[in-house]
Amino acid sequence: MFSLAHPRNTLAQTLWNRENTLLRNLCLAILASAALWASAKIQVPFWPVPMTMQTFVVLTIGMAFGWRLGAAAVLLYFVQGALGLPVFAGTPEKGIGLAYMAGPTGGYLVGFVLAAGVVGWLAEKKWDRNVFTTAAAFLIGNAVIYVPGLVWLGVVLGWDKPVLELGLYPFLPGDALKLVLAAVLFPVLWRRVEARKR
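Analysis parameters
- Residues numbered from 1 in each chain as written.
- Predicted model: local features only at pLDDT ≥ 70, side-chain atom pairs only at ≥ 80, totals over all residues.
- Heavy atoms only, no water.
- Helix = DSSP H or I, 4+ residues; strand = E, 2+ residues; numbered from the N terminus.
- Buried < 20%, exposed > 50% of the residue type's maximum accessible area, 1.4 Å probe, protein only.
- Polar contact = N/O pair within 3.5 Å; in protein donor to acceptor, adjacent residues only side chain to side chain.
- Core = buried A, V, L, I, M, F, W, Y, C linked by side-chain atoms within 4.5 Å.
- Expected span 1.5 Å × (residues − 1).
- pLDDT = per-residue confidence, 0-100.

**Q** Can you explain the side chain of T91? Please cite residues and give values.
**A** Structurally, T91 is set in the loop between α4 (67-82) and α5 (97-101). In this structure T91 comes out as buried when scored by relative accessible area, which is 4%. Among the polar contacts listed, one links the side chain of T91 to the backbone oxygen of P86, at a separation of 3.2 Å. Here the side chain of T91 touches F88 through a polar contact of 2.5 Å, landing on its backbone oxygen.

In structure tokens:
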């Protein structure tokens, strides 16, 4: 199942190099959607707001899986939510299904798919191999999440509201911590993979 004989472009492809890529991709997408579900529900005490690890998981999925499988895994998570499963943060208390997805956080959800794709594409270009490019990929991924998130938040709440104060500024310290974590994690994983090949 796990083989390092033929390294691929992504970490997942390198670690799990199977002939049956459909089975591998299906298993990875299901595991990723479960990780997204869990990350939406767990809050870490942090300042100025409690932090979930959901954006970290989204970007990690993209970076580990590549753009196609990363985006597909996040879309599977969306399908689960659209069908009414309480997979999103604040569900079922704040609603479920398409009604929740069209709410104030809907733009961030769209950003999740886009960011998984963008970061996955960068990983396929080997941006996940060193500290600086990994950090840059996560920074770009966060920006891709925030742009549609803030635009939709402004549409739903009204542009007369403090959109940046509500949907951006409180989350930046947590995002910086996640970026540092990823910048350390991915290059270390790749070094270990390369060491095992020798």
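That was the structure; now back to the text.
**Q** Give a detailed account of the nonpolar core, specifying residues and quantitative values.
**A** In terms of nonpolar packing, the biggest core is built from 51 residues, with F65, F78 and F88 touching the most fellow members. Mapped onto this core, the elements with two or more residues apiece are α1 (11-15), α2 (21-41), α3 (54-65), α4, α5, α6 (106-124), α7 (131-157) and α9 (172-197). Considering every element that reaches this core, the biggest residue donor is α6, with nine residues.

**Q** Could you give an account of α6, naming the residues involved and the relevant values?
**A** Each α-helix winds once per 3.6 residues, and so residues spaced three or four apart point in a common direction. Relative to the 27 Å expected for 19 residues at 1.5 Å per residue, α6 spans 28 Å between its end C-alpha atoms, a close match to the ideal helical length. Of all the 19 residues making up α6, 14 are buried; the element is thus mostly covered by neighbouring parts of the structure. Positive phi shows up at K126, right after α6, with a value of about 70°.

**Q** Let's hear about the confidence of the model for the protein: which residues, and what values?
**A** Averaged over every residue, the pLDDT of the protein is 90; residues scoring 70 or more account for 93%. The element-level mean pLDDT for the protein is lowest in strand β1 (residues 43-44), coming to 84, with α7 highest at 97.

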